[in-house]
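A closer look at the structure
Here's the letter readout for the chains.
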Amino acid sequence: MFQRFRRTRLNKNLRSLVRETHVHVEDFIYPLFIRSGENIKKEVASMPGVFQMSLDVAIKECEELKSLGIYSIILFGIPDTKDSIGSDALCEHGIIATAVRGIKSAHPDMFVVTDLCFCEYTDHGHCGIIDEAKETVDNDATLEISGEQAIVHAKAGADMIAPSGMMDGIIEQLRTSLDGAGYKELPIMSYSTKFASGYYGPFRDVAESTPSFGDRSSYQMDPANRREAIAESVSDEMQGADILMVKPALAYLDLVREIKDATSLPMAVYNVSGEYAMLKMAGMNDLIDYERVVMETMIAFKRAGADIIISYHAKEVAKMLLNR
Ligand code: PBG
Ligand code: ZN
């Protein structure tokens, strides 16, 4: 006796009834890159469809996002001036604080997440203060200024803080700093399991954050390590993170599932710039059915256990879902 699996595949409506995984527009967070100026909308060569924007343009963009049903964004700031400690990120009139205030006052119903890191703000492009002797980022010195950065974001009106620098103890530090400043209810989405990945290449063009020396292997994870990947996320759960994340997404879906099973927190995936660029270029060259492959990829994230998808495809997916 064998089972006729094909019985439930023969009819379109029945296929919908037995479908196990669904993608919703509510699953998405859309990244925006803000720089100073007015009326600036500069496309990134390596990421067609992704732009650096001035605040006025970003505010208009939010209008369009809401019309598509996207109500969550994650902001990255590109400052005019960079220095060794990333001072612009610690300034209440810096690019990120200004962007959060501007967007929240124009769109109070938009959920604004801030990426908390220093690599876009430092002249050396690393994710914190450099320890010259060790030629790497000084963990604990970076924790201190990260607490300050979190308060700058919170004061500006951020709805959720997302630390992406892979410093040890960052969640405990941010929770303590935020609670101490009266922001006990402000959630933290940790980039808890983040790998040193070649897939970030195009992002570093748009965020202008390529390290001037070395790479990030002394703080981001080795792609080869599975047990450590789980331990990193579990540690952030114990430190008080509200949402965990695996980044990049596509090459790490095994870990999305394992971390999902090992913790009780909501899980996000970051569908990174290189993943976006690969599909985009393949689609533009008619090598794949672009929309179909994008949707298949989003379903794979959900099936692996992701609750939240941070993706440059979010607007395209929203349109696909509307036209279905
Ligand atoms: C900053 C940061 C990076 C990304 C998000 N936050 C880059 C990096 O760590 O080099 C990558 C996003 C992407 O590739 O789309 N720490
Ligand atoms: Zn960084």
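Residues numbered from 1 in each chain as written. Chains lettered and ligands numbered in written order. Predicted model: local features only at pLDDT ≥ 70, side-chain atom pairs only at ≥ 80, totals over all residues. Heavy atoms only, no water.

1. As for the overall build of the protein chain
Short version of the rule: Segments assigned H or I by DSSP are reported as helices when at least four residues long, segments assigned E as strands when at least two residues long, and all are numbered from the N terminus. Only C-alpha atoms enter the radius of gyration; for comparison, a globular chain is expected to reach 2.2 Å times N to the power 0.38, where N is the number of residues. Think of it in three bands: residues with accessible area under 20% of the maximum for their type are buried, residues over 50% are exposed, and the middle band is partly exposed, with areas taken using a 1.4 Å probe on protein chains only. Contact between two residues is taken to exist if any of their heavy atoms lie within 4.5 Å; hydrogens are not considered.
Looking only at helices and strands, the protein chain features 11 helices and 12 strands. Relative to the 2.2 N^0.38 estimate, which gives 20 Å for 324 residues, the radius of gyration of the protein chain is 20 Å and therefore close to what a compact globule would have. Projected onto its principal axes, the C-alpha positions of the protein chain cover 70 × 45 × 40 Å. Looking at the protein chain as a whole, 56% of its 324 residues qualify as buried. For the protein chain, contacts bridging at least 24 residues in sequence account for 74% of all contacts bridging at least 6.

2. Focus on the site of ligand 1
What counts, and what does not: Proximity is defined per residue: any heavy atom of the residue falling within 4 Å of a molecule or strand makes that residue near it. By the criterion applied in these results, polar contacts are pairs of N or O atoms within 3.5 Å in which, for protein atoms, one can donate a hydrogen and the other can accept it, and in which residues neighboring in sequence qualify only through two side-chain atoms. Method for areas: the Shrake-Rupley scheme with a 1.4 Å probe, in which residue coverage is limited to the protein chains shown.
Neighbouring residues of ligand 1: 16 residues in total, closest Lys194, Arg204, Lys247, Ser273 and Tyr312. In the model, an oxygen atom of ligand 1 is placed 2.7 Å from a nitrogen or oxygen of the Arg204 side chain. Contact distances for ligand 1 include 2.9 Å between an oxygen atom and a side-chain N or O atom of Gln220. Surface burial for ligand 1 is 100%, taken as the share of its 400 Å² of free accessible area covered by protein chains.

3. Some remarks on the side chain of His313
Position of His313 relative to the elements: it lies in the loop between β12 (308-311) and α11 (314-322). Within the local environment of His313, its side chain forms a polar contact with the side chain of Glu316, the two groups lying 2.9 Å apart. For His313, the contacting residues outside a window of four places in its chain are Asn271, Tyr276, Leu279, Tyr290, Val294 and Met298.

4. Things to note about the pattern of salt bridges
Definition in use: Within this document, salt bridges are pairs made up of a side-chain nitrogen of Lys or Arg and a carboxyl oxygen of Asp or Glu, the two lying within 4 Å of each other.
Taken as a whole and assessed by the stated rule, the structure comprises 13 salt bridges. When the shortest N-O distance is used, the salt bridge between Lys315 and Glu61 registers 2.7 Å. Of this pair, Lys315 sits in helix α11 while Glu61 sits in helix α2 (residues 55-68), and the two are 254 residues apart along the sequence. A relative accessible area of 14% places Lys315 in the buried class. The class of Glu61 is buried, set by a relative accessible area of 5%.

5. A closer look at α2
To keep it simple, the criterion reads: By this rule, a helix spans an expected 1.5 Å times one less than how many residues it contains.
Between its first and last C-alpha, α2 extends 20 Å over 14 residues, near the 20 Å set by a 1.5 Å rise per residue. Within α2 the residues assigned to the buried category are Val57, Ala58, Glu61, Cys62, Leu65, Lys66 and Leu68. Each element contacted by the buried residues of α2 is listed here: β1 (28-35), β2 (41-44), β3 (47-54), β4 (72-78), α3 (95-106) and α11. Positive backbone phi, at 95°, marks Gly69, one or two positions downstream of α2.

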